[in-house]
Number of protein chains: 6
Amino acid sequence: DFMLALDEVQPAFGVSQDQFKRCVLNGIVDWGPPVGDLRKDGTLLVQQVQHSSRTPLVSLLLEGPRQSGKTALAAQLAMDSQFPFVRFITTEDMIAYSDAARCQKISKVFADAYKSQLSVIVVDDIERLIDYVPVGMRFSNSVLQTLMVLLNKKPDKEGHKLFVVATTSQPTVLRQLGIYDVFSATLPCPNLSEGDHVLSVLRHMNAFDEEEMALITPALSHGEQFKTETDDVKISVGIKKLFMLAEMAVQEEKGLRGLKFLMLLGAECRRNSFQTSA
Amino acid sequence: DFMLALDEVQPAFGVSQDQFKRCVLNGIVDWGPPVGDLRKDGTLLVQQVQHSSRTPLVSLLLEGPRQSGKTALAAQLAMDSQFPFVRFITTEDMIAYSDAARCQKISKVFADAYKSQLSVIVVDDIERLIDYVPVGMRFSNSVLQTLMVLLNKKPDKEGHKLFVVATTSQPTVLRQLGIYDVFSATLPCPNLSEGDHVLSVLRHMNAFDEEEMALITPALSHGEQFKTETDDVKISVGIKKLFMLAEMAVQEEKGLRGLKFLMLLGAECRRNSFQTSA
Amino acid sequence: DFMLALDEVQPAFGVSQDQFKRCVLNGIVDWGPPVGDLRKDGTLLVQQVQHSSRTPLVSLLLEGPRQSGKTALAAQLAMDSQFPFVRFITTEDMIAYSDAARCQKISKVFADAYKSQLSVIVVDDIERLIDYVPVGMRFSNSVLQTLMVLLNKKPDKEGHKLFVVATTSQPTVLRQLGIYDVFSATLPCPNLSEGDHVLSVLRHMNAFDEEEMALITPALSHGEQFKTETDDVKISVGIKKLFMLAEMAVQEEKGLRGLKFLMLLGAECRRNSFQTSA
Amino acid sequence: DFMLALDEVQPAFGVSQDQFKRCVLNGIVDWGPPVGDLRKDGTLLVQQVQHSSRTPLVSLLLEGPRQSGKTALAAQLAMDSQFPFVRFITTEDMIAYSDAARCQKISKVFADAYKSQLSVIVVDDIERLIDYVPVGMRFSNSVLQTLMVLLNKKPDKEGHKLFVVATTSQPTVLRQLGIYDVFSATLPCPNLSEGDHVLSVLRHMNAFDEEEMALITPALSHGEQFKTETDDVKISVGIKKLFMLAEMAVQEEKGLRGLKFLMLLGAECRRNSFQTSA
Amino acid sequence: DFMLALDEVQPAFGVSQDQFKRCVLNGIVDWGPPVGDLRKDGTLLVQQVQHSSRTPLVSLLLEGPRQSGKTALAAQLAMDSQFPFVRFITTEDMIAYSDAARCQKISKVFADAYKSQLSVIVVDDIERLIDYVPVGMRFSNSVLQTLMVLLNKKPDKEGHKLFVVATTSQPTVLRQLGIYDVFSATLPCPNLSEGDHVLSVLRHMNAFDEEEMALITPALSHGEQFKTETDDVKISVGIKKLFMLAEMAVQEEKGLRGLKFLMLLGAECRRNSFQTSA
Amino acid sequence: DFMLALDEVQPAFGVSQDQFKRCVLNGIVDWGPPVGDLRKDGTLLVQQVQHSSRTPLVSLLLEGPRQSGKTALAAQLAMDSQFPFVRFITTEDMIAYSDAARCQKISKVFADAYKSQLSVIVVDDIERLIDYVPVGMRFSNSVLQTLMVLLNKKPDKEGHKLFVVATTSQPTVLRQLGIYDVFSATLPCPNLSEGDHVLSVLRHMNAFDEEEMALITPALSHGEQFKTETDDVKISVGIKKLFMLAEMAVQEEKGLRGLKFLMLLGAECRRNSFQTSA
Ligand SMILES: Nc1ncnc2c1ncn2[C@@H]1O[C@H](COP(=O)(O)OP(=O)(O)OP(=O)(O)O)[C@@H](O)[C@H]1O
Ligand SMILES: Nc1ncnc2c1ncn2[C@@H]1O[C@H](COP(=O)(O)OP(=O)(O)OP(=O)(O)O)[C@@H](O)[C@H]1O
Ligand SMILES: Nc1ncnc2c1ncn2[C@@H]1O[C@H](COP(=O)(O)OP(=O)(O)OP(=O)(O)O)[C@@H](O)[C@H]1O
Ligand SMILES: Nc1ncnc2c1ncn2[C@@H]1O[C@H](COP(=O)(O)OP(=O)(O)OP(=O)(O)O)[C@@H](O)[C@H]1O
Ligand SMILES: Nc1ncnc2c1ncn2[C@@H]1O[C@H](COP(=O)(O)OP(=O)(O)OP(=O)(O)O)[C@@H](O)[C@H]1O
Ligand SMILES: Nc1ncnc2c1ncn2[C@@H]1O[C@H](COP(=O)(O)OP(=O)(O)OP(=O)(O)O)[C@@H](O)[C@H]1O
Ligand SMILES: [Mg+2]
Ligand SMILES: [Mg+2]
Ligand SMILES: [Mg+2]
Ligand SMILES: [Mg+2]
Ligand SMILES: [Mg+2]
Ligand SMILES: [Mg+2]
């Protein structure tokens, strides 16, 4: 019966590996200090799980705006831990599930984890898992409660340890729902906010040629400010969005690409600064 | 089992073709610059899907007033892409479905698409798919969440690409629901707003004779203004509505048709200007 | 399989005929201009359906106060069209149905209609079909959405045409629900509002004798005003209510009938004027 | 199959007779003019049903405060009609039924009635049938809608007639729900409001002896006012309540009965006057 | 089949007896006038049920604060009636029942009662039976409606009589829900409110020795006021709570008991006076 | 059948023992007077259950902030009672249960307890058991009602006694829900609030070496105030959180541990003082 349990766990693990890799499709570019800070703090928590007998359960919440790279960073942290049991909980695998089925599946993943000595579970996009929608503050209370209880439940076998890494773009909502305080620790996962951040990503992508970079660079050489003849706005763009904008721009014909990118980036920064001030 | 999958997909594809054609029953009349702009921008996104390996999923939202031609334009864009897998998701095929069945069907279409290397899915009239009604802001949250997750989920087979084109006449509502920001890009699909726009459609329809056109033309020769002895109002009419009004007018007996058309068009423009100002 | 479809449709058609006739139990009395106007405009739309290839679906909404004769006029219009497929959708045939069953039945009628080349469907009393109640603005959203989609869905066979005639006594509510704008056209079905209107119905009914008419007539000889010694109020009574009041009055013994009718009519007009002003 | 239908109907009819009689357990005491008025007007409507071919469905609503005798009067009216088919719809026979079952049962009674040429149905206590509760204005919308449709649906066999008598103690609520206006006519069923009304009931009951009546009478000899040394309040008591109070009083030992009755009646009138003024 | 019915009823009756006795575990202490008054008025109603043929159903509501002894008094009244059929309806026997099951069970008890010539049913803690909670005024409307109908439904066999005794600590809520007025009579079941009331219970309990009583008595010798060096507050404590406080106090070691009791009683009185004034 | 009952109970009991021990994973450190007070008062109640025949059911509520050690203290109290039947009710054992299943399971535990002469049940984290969430004040009313009834239900076998110990971090909410007043007694379970409290825990843990303690101690030598160069805030930290913070700090490399701990503790105290003042 123990053998059986192992059998059940193994193949799922294989599937998981693929899933983790797809999350970091474009790698982890080291675009600035926030990237290194987050990875270092995360590693300390991984150590705590391994070494402390008093805290067999440690949970971490990565919070940041949409498209800021939360999922990729959570996945990378999980893979780096080298724990023998890693799992990914995401709504993408539970589309069209009833609330009850979703609770079942989530609690099954945790139950499997308790059987392993060292486990890490990524819980991606909590607001999506609980079907949150701002209109009327709707959400699935049963999934929320399931998560709250599991985030506070120690593995029941002595010596077994569990690390949970969750992500969210709605920290305020999670606070209102009372799930925010359940985490052992939280770390910020911010947008790129300086011209140099953006430039280092563009260079790494190698999407634009010399000439185009020459056109783009001046607009991004004013620290936290994006400056063109028509725009002057604080820089704020998520790493995932930045990849999308660059790829859109390069579809234009040769001469227009640099300009198109500046136009798209300016609009994105304006939208983000508007949402922050609102 | 791969063969089977193909079998399942093919016939549905055949059905889809017919459905796409019915959406453009009256063709795509090039009544003014907005038509060409929208088609060009759409084509660029199609290219991005084909060529970029960093963005395997691109999604576009066409937003415009009721009857402005959104469905026809989305269908045309999909057909023009020449992608081997095209599908149409519309509430018309899911009447009297439960929420759960609707989620199932939608996610089935996406699952099929992931199996094809290049796919395009039209998601028509999002507000209808989620059973939105303004009174009490009611809507199906489960369908909404299903769409939100699918619009953010990359095909899981490496190298497979997906293009999603959605339509809506309720962009403000979609923004409140948090689904608006999930799209890679949005494009406007406006009403006809100048006399020349209307005249070029009437000419293309060939519904009125010389004499009738002579009666109609003066009212439509003041740029954005509709002017008759009794009316002076901004021109605003959707292409689909315009076809309906013209066809109603021509049922009248010979001498009265032109007048009837002006009367109907005037009432429509008044209604639309009223709704905008309200 | 086509034969089968025909079989299914025919008998139901027979049933429908009876139902249509019961709706005009007391005929269509030509009590004034509004009656003729409505019937003429309705006929033009019937022609459009028959002749236009660009608008295979035309929908009409008859709106008027309770008991104003909406159902009878819609049924008459449908019978006059002489279309081979006519159907009546009414809550009376769906009592104690679940929402889902109601949606099924409605969509079945439309599905049958699509199979016929020329069809007309009467959708009676939309507010009743959607279980509308003003307290708390309750209604069946699933039935509403089903209707909204069907009122916008063209027959899928090429060349097939469909005419839908719906009725309502709650146009304001339908507007709030967003279904009002879906109709191709709307026509008013008003109450009787002049003394002559009422007198012509009484004469047609032949319910009162000479003497009684002599007593009644003076109160109804002041245009839009109902005037007796005790009453002076605007005339407003639905044709269906008028039949009910006249029949109540004639139960009284000989000498009291005329007076009783005036009393009942006065009370009704007061009630209606009160509701309008409120 | 017609035979079968008759079989189904007959036994239920038998049961009904008993039920009708239990409703008038204490007879119909003619305590004042309102009793005679109501019975006469009711009889006229019975005649209309029998004689008018233009109004095959007539419906009457008896409205009055709690315990005012509504059920007894509705039952008596139905029995007096001598129609071959009489039925009683009351929540007492549908305790612990689901909404759906309740709708089924109600519509079954109406369906049976349509088969008979002359039918009368008593629909007792509409607010109870729809599970109305003032807190949060809760009620069963499905039962409400079922009633609204049935109260407006003519028997489908030609020449068949139906009379519906309903009762309510919540006319204001019924008006808000939109079911009030569906009735052909409404009649008031008031509380006893004069000393003579009360005295004539007490005499009819024969519950108090000479001496006791001598004590009671003075308090009830001031028209609409109840006057004792401690009380001076408008008289208002339902006939059903009055029976209860008198029976309570007579349990006291001999000398105290008259006083106890006055005390109980005074409290009841105070409560009622308070509720009216509130 | 009649035999069967009897069989079903008998054993349950046996169970009921035990249940009734457990409700008066600590007897009925005659701590002051309110106890005798309530028992006498209750007895009169029992007589009415036995003797009146005009009121085959009489219902009584005992209303008082939490822990004031309502359940014990209702149970005692039922046992004293000596009616052959006595039953106890309490949520304690319906834990984890669905609403529907609860309605079924309640109506089954009443149905059984109708079969017996003289029956008494105790309906304990109405607010608990209907799952009432003040937050959002939630409650089970189906159970409420079931009770409202049953409290107004006469036994259907001629000559059969039913007495219902219900209890509540939420009379205001019952009034808002409209069930309060359905009762034939209501009686108050108050807290102990004078020092003498408390002292007579303590003496009856015999929980404290002479010395301890000497310490306690002074604080309770000021009529309605509880007075110690630190406290001066109106006396208000339920009989059930009083038993609990005395038992808690006697767990302390010898010298501290009297003081502990005063401390606990003072706190309770403060809490109650606070709730009343709020 | 009695044997069977015992069988059912025994094994579950074994499981329970383990569960109780896991709750006090880090023992019960006597960090200050509140710890001793609570344990002494709890013991008195245990005695009352054993000795009083008048109060066969006694219930206690431990109320304190999150992570203050409530669960551990409740578990310890239950184990100390040495009662033959001990059980633990926690949401952790009912994840993904429906409301109904949860009610079933809870009432099963109580039903088992009634069979034993002396029982203690720990009901952990009431707000979690009822799925409470502050947004919209949502909770499971059926679980709440089940608890309210069970907390007031005496064992039905004569002489059997039950002690219930519950915990909550939401006493205000429980008061609003009306379950707070159902308990026989409540005891506070506070956060550590003085420097000495914290120091005595750190010493007991032995997590920091001499040097590190020398750095930490000054900040904690100002009574209720936490003072560093950058911080001056009231001390408030739960015992469970304190263990977590200390374990996090010791992951840092040697020289940084003391500082890290001060930083983490300062942030926690600030957060708590903020929440109290808000
Ligand atoms: N430093 C980085 N941090 C995170 N992601 C990075 C970084 N550098 C490159 N990437 C790439 O950026 C993308 C980040 O996308 P990801 O899905 O993680 O964003 P997200 O914040 O989870 O978005 P969403 O809000 O839509 O869930 C991935 O493709 C990842 O490979
Ligand atoms: N330039 C154009 N753009 C769009 N549609 C056009 C154009 N020219 C002609 N048409 C015709 O106009 C009609 C547009 O109808 P369509 O259903 O697309 O409108 P819609 O905006 O989707 O309406 P609805 O708001 O009701 O969904 C089609 O019959 C199409 O063939
Ligand atoms: N000119 C007329 N228009 C409509 N109905 C007429 C006319 N003349 C006579 N009638 C008769 O009046 C009655 C109208 O009733 P109908 O049921 O159509 O009213 P309605 O407005 O649908 O009422 P409700 O609001 O209750 O649905 C029918 O019996 C019909 O035969
Ligand atoms: N004139 C009368 N009108 C009505 N009922 C009368 C009259 N005289 C005597 N009664 C008796 O009074 C009682 C009236 O009770 P009934 O149940 O009809 O009242 P109700 O208004 O329906 O009460 P509820 O509001 O509780 O439904 C019956 O027992 C009936 O026999
Ligand atoms: N005069 C009395 N009246 C009522 N109960 C008494 C009296 N004297 C002693 N008792 C005892 O007091 C206790 C009353 O408890 P009971 O359960 O009836 O209170 P309750 O008001 O129903 O409480 P709750 O509000 O919790 O339902 C019983 O044990 C009963 O034996
Ligand atoms: N004096 C003490 N009181 C309580 N717990 C203590 C004490 N000393 C040490 N501990 C340890 O502290 C931890 C307290 O955690 P516990 O789960 O009881 O907190 P809690 O208040 O129930 O938290 P939560 O609010 O998350 O439910 C346990 O590991 C326990 O062994
Ligand atoms: Mg993500
Ligand atoms: Mg469209
Ligand atoms: Mg009608
Ligand atoms: Mg009644
Ligand atoms: Mg009680
Ligand atoms: Mg706890």
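Predicted, not measured: the structure shown is a model, and the values here were computed from it. (Residues numbered from 1 in each chain as written. Chains lettered and ligands numbered in written order. Predicted model: local features only at pLDDT ≥ 70, side-chain atom pairs only at ≥ 80, totals over all residues. Heavy atoms only, no water.)

Asker: What's the story with the relation of the copies chain B and chain A in this structure? I'm lost.
Answerer: In summary, the two copies of the chain are related to each other by a rotation about an axis coupled with a shift along it. Of the transformation placing chain B onto chain A, the axial shift is 0.1 Å and the rotation is 60 degrees, giving an RMSD of 0.0 Å. In symmetry terms, the pair is related by a six-fold rotation axis. If distances are taken from each C-alpha of chain B to the rotation axis, the shortest is found for B:Gly136, at 9.5 Å. (Least-squares fit on C-alpha atoms with pLDDT ≥ 70 in both.)

Asker: Any chance you could explain the site of ligand 6 here in plain terms?
Answerer: Within the structure, ligand 6 sits among 22 residues, and F:Gly27, F:Val29, F:Lys70, F:Thr71 and F:Ala72 are positioned closest to it. Positioned at a junction of chains, ligand 6 has nearby residues supplied by chains A and F. Between ligand 6 and F:Val29 there is a distance of 2.7 Å, counted from a nitrogen atom to a backbone nitrogen or oxygen. For ligand 6, an oxygen atom lies 2.6 Å from a polar atom in the side chain of F:Thr71. Surface burial for ligand 6 is 93%, taken as the share of its 630 Å² of free accessible area covered by protein chains. Per-element tally for the shell around ligand 6: the top contributor is helix 3 (residues 70–81) of chain F, with four residues. In terms of residue class, the shell around ligand 6 is made up of eleven nonpolar, seven polar and four charged. Residue-level mapping places the shell around ligand 6 at the junction of two domains, with at least three residues from each of domain 1 (2–188) and domain 2 (195–277) of chain F. (Near = heavy atom within 4 Å. Polar contact = N/O pair within 3.5 Å; in protein donor to acceptor, adjacent residues only side chain to side chain. Areas by Shrake-Rupley, 256 points an atom, 1.4 Å probe, with all protein chains shown as cover. Helix = DSSP H or I, 4+ residues; strand = E, 2+ residues; numbered from the N terminus. Nonpolar A, V, L, I, M, F, W, Y, C, P; charged D, E, K, R; others polar. Domains from an automatic or database assignment.)

Asker: Sorry, what's going on with the site of ligand 5 here?
Answerer: Around ligand 5, the structure places 22 residues, and the nearest of them are E:Gly27, E:Val29, E:Lys70, E:Thr71 and E:Ala72. At the site occupied by ligand 5, the surrounding residues belong to chains E and F. E:Ser68 has a polar backbone atom sitting 3.0 Å from an oxygen atom of ligand 5. Take F:Asn152: an N or O atom from its side chain is 3.2 Å from an oxygen atom of ligand 5. Across the complex, the protein chains shield 94% of the 630 Å² of accessible surface that ligand 5 would expose by itself. Those elements that provide at least two residues to the shell around ligand 5 are helix 3 (70–81) and helix 10 (239–249) of chain E. Tallying contributions element by element places helix 3 of chain E first for the shell around ligand 5, with four residues. Across the shell around ligand 5, the residue classes break down as eleven nonpolar, seven polar and four charged. A domain-level breakdown of the shell around ligand 5 finds at least three residues from each of domain 1 (2–188) and domain 2 (195–277) of chain E.

Asker: Help me out: how do you make sense of the side chain of E:Ser184 in this one?
Answerer: The topology assignment puts E:Ser184 in the loop between helix 7 (171–177) and strand 5 (185–188). Residue classification places E:Ser184 among the buried residues on the basis of a relative accessible area of 12%. Apart from the residues within four sequence positions on either side, E:Ser184 is in contact with D:Lys241, D:Met244, D:Met248, E:Leu57, E:Val58 and E:Ser59. (Buried < 20%, exposed > 50% of the residue type's maximum accessible area, 1.4 Å probe, protein only. Contact = heavy atoms within 4.5 Å.)

Asker: Is there a simple way to explain the sheet that holds strand 4 (residues 161–168) of chain C in this structure?
Answerer: Within a beta sheet, neighbouring strands are joined by backbone hydrogen bonds and run either parallel or antiparallel to one another. Residue and element names in this part refer to chain C. The strand order 2-3-4-1-5 describes an open sheet built from five strands, whose pairing is parallel. If you trace the sheet from one side to the other, it starts and ends with strand 2 (85–89) and strand 5 (185–188), each paired once. Between one strand axis and the next, the sheet turns by 15 degrees as a mean value, whatever way the strands run. Inspection of the sheet shows strand 3 (residues 118–123) paired to strand 4 by six bridges, in the parallel sense. The partner of Val123 across the bridge, within strand 4, is Ala166. (Pairing = 2+ DSSP bridges. Axes fitted to C-alpha atoms, helices over the stretch in contact; angles between N-to-C directions.)

Asker: Before we go on, may I ask you to explain the pairing of strand 2 of chain C in this structure?
Answerer: Side-chain positions along a regular strand alternate between the two faces of the sheet. All names here are of chain C. Burial analysis of strand 2 places five of its five residues in the buried class, the great majority of the element. By the bridge criterion, five bridges tie strand 2 to strand 3 in an arrangement that is parallel. Of the residues in strand 3, the one forming a bridge with Ile89 is Val123.

Asker: Please clarify how the interface of chain B and chain A should be interpreted in this entry.
Answerer: It is common to give the size of an interface as the accessible area lost on bringing the parts into contact. Counting residues at the interface gives 38 residues for chain B and 27 residues for chain A. Counting the surface lost from both chain B and chain A, the interface buries some 2800 Å², and carbon and sulfur atoms represent 53% of this. When the area that chain B buries against chain A is broken down by residue, the three leading residues are B:Arg54, B:Gln145 and B:Val149, summing to 23%. One salt bridge in this structure joins B:Arg54 and A:Glu247, with 3.1 Å as the shortest N-O distance. Counting the contacts that link chain B with chain A gives twelve residue pairs in polar contact (both at pLDDT 80 or more). Only helix 2 (33–51), strand 1 (57–63), helix 4 (99–115), helix 6 (141–150) and helix 7 (171–177) of chain B provide two or more residues apiece to the side of chain B that touches chain A. Ranked by residues supplied to the side of chain B that touches chain A, first place goes to helix 6 of chain B with seven residues. When the residues that make up the side of chain B that touches chain A are grouped by side-chain class, the tally is 17 nonpolar, 15 polar and six charged. (Buried area = accessible area lost by both parts, 1.4 Å probe. Salt bridge = Lys/Arg side-chain N within 4 Å of Asp/Glu carboxyl O.)

Asker: Which parts of the structure should I look at to understand the packing of helix 8 (residues 195–205) of chain D against helix 10 (residues 239–249) of chain D?
Answerer: When two helices pack together, their arrangement is given by the angle between their axes and by how far apart the axes lie. Residue and element names in this part refer to chain D. For the pair helix 8 and helix 10, interaxial distance at closest approach is 11 Å and the crossing angle is 55 degrees. Between helix 8 and helix 10, the angle falls in the class oblique. Handedness of the helix 8/helix 10 crossing: right-handed. Where helix 8 abuts helix 10, its residues Val198, Val201, Leu202 and Met205 lie against Ile239, Leu242, Phe243, Ala246 and Glu247. A per-class count over the contact of helix 8 with helix 10 returns eight nonpolar, no polar and one charged. (Parallel < 35°, antiparallel > 145°, perpendicular 65-115°, else oblique. Left-handed = near helix turned anticlockwise from the far one by under 90°.)

Asker: Please clarify how the interface of chain D and chain E should be interpreted in this entry.
Answerer: Counting residues at the interface gives 27 residues for chain D, matched by 38 residues for chain E. Summed over both partners, the interface of chain D with chain E comes to about 2800 Å²; 53% of that surface belongs to carbon and sulfur atoms. Inspection of the region where chain D meets chain E yields one salt bridge. The tally of links between chain D and chain E comes to twelve residue pairs in polar contact (both at pLDDT 80 or more). Put simply, the parts of the chain that give the side of chain D that touches chain E at least two residues each are helix 10 and helix 11 (257–277) of chain D. Examining the composition of the side of chain D that touches chain E, we find that six residues originate from one element, helix 10 of chain D, more than from any other.

Asker: I tried to follow the pairing of strand 2 (residues 85–89) of chain E on my own but got confused; where do I start?
Answerer: A two-sided burial pattern is seen for strand 2 of chain E, the buried positions comprising E:Phe85, E:Arg87 and E:Ile89 on one face and E:Val86 and E:Phe88 on the other. Since strand 2 of chain E and strand 3 (residues 118–123) of chain E lie parallel, the crossover through helix 4 (residues 99–115) of chain E that links them has a hand, and here it is right-handed. (Right-handed = clockwise from strand over helix to strand, strands pointing away.)

Asker: Honestly, the relation of the copies chain D and chain E in this entry has me stumped. Any pointers?
Answerer: Mapping chain D onto chain E leaves a residual RMSD of 0.0 Å; the transformation is a rotation of 60 degrees accompanied by 0.1 Å of translation along its axis. Each copy contacts the other with its own distinct surface, as only 4% of the interface residues of chain D are interface residues in chain E too.

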